[in-house]
Structures are given as C-alpha cells and as structure tokens.
Amino acid sequence: MKAFFKALVLVPVALLVVLFSVANRAPVRVSLDPISRDAPALAFDLPLFAVVLAAIAIGILIGGFASWLAQGKHRKAARVNRREAEKLRGEAQSLRAAVPDSALPALTSRI
C-alpha cells in the first residue's frame, strides 16, 4: 500500500518534470563572470531545463545539509539518552540477577 501511494505522488511529479524538460529545451547562456557582460571568460550554453533542475537539486542539497547541521544537538541528546538507558538497563539486569528468585514475590507484594 505504501508503494502505491509513493507511485501516486511520484508519477505525476516525474510527468511534470518530463513535460517541463521537453517544453524548455532552448539553450540559455549561463555566465559565471560578473565583470564582463559582453564577453564573459566563463560561460556555458545549456538547455533551460538543465539550469532550472540543477538549481532545484542544489537547493535541496543545501537545505538538507543545513537541516542536518541544525538537528545535531538533537542527535547528540538522543545518543546520550540511549547510552544512559542502556546503562540503567544493565544495572537493572544485574540487580535482578543479585536478588534470589524466592525473594521476588515478597518484594513485589510490598510495592
């Protein structure tokens, strides 16, 4: 069922990307020289769809990296909490092992 909903979303998105790519095949000049406008030292002629899709991909990568950096404190807190839980779980196991089985019903009835 999850695969069906994934396909239900991704197929129209892929169709829109293909339609956009076919409609915008004309080449555009991409210049990386901010000084010389007429004769740039570094310029490329690329299809418009490639420029737009590359900009979207770069934006997704930068946004994902920024989000990953921002969530670092939460990942660290989760690691600390996981270690503490494992330590306490081990301590509880050792305390259970130290108490004889015959004493357990008496201890639980007091609580």
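What counts, and where the lines are drawn
Residues numbered from 1 in each chain as written. Predicted model: local features only at pLDDT ≥ 70, side-chain atom pairs only at ≥ 80, totals over all residues. Heavy atoms only, no water. Helix = DSSP H or I, 4+ residues; strand = E, 2+ residues; numbered from the N terminus. Rg over C-alpha atoms; globule rule 2.2 N^0.38 Å. Buried < 20%, exposed > 50% of the residue type's maximum accessible area, 1.4 Å probe, protein only. Contact = heavy atoms within 4.5 Å. Areas by Shrake-Rupley, 256 points an atom, 1.4 Å probe, with all protein chains shown as cover.

**Student:** I tried to follow the overall build of the protein chain on my own but got confused; where do I start?
**Tutor:** A tally of helices and strands in the protein chain yields four helices and two strands. Ordered by position in the sequence, the α and β elements of the protein chain form the string α-β-β-α-α-α. For the protein chain, whose C-alpha radius of gyration is 30 Å, the value lies well above the compact-globule estimate of 13 Å for 111 residues. Dimensions of the protein chain, computed from C-alpha atoms along their principal axes, come out at roughly 90 × 40 × 20 Å. Buried positions account for 2% of the 111 residues belonging to the protein chain. Residue pairs at least 24 apart in sequence account for 21% of intrachain contacts in the protein chain once pairs closer than 6 positions are excluded. Summed over all atoms, the accessible surface of the protein chain reaches about 9700 Å², with 69% contributed by carbon and sulfur.

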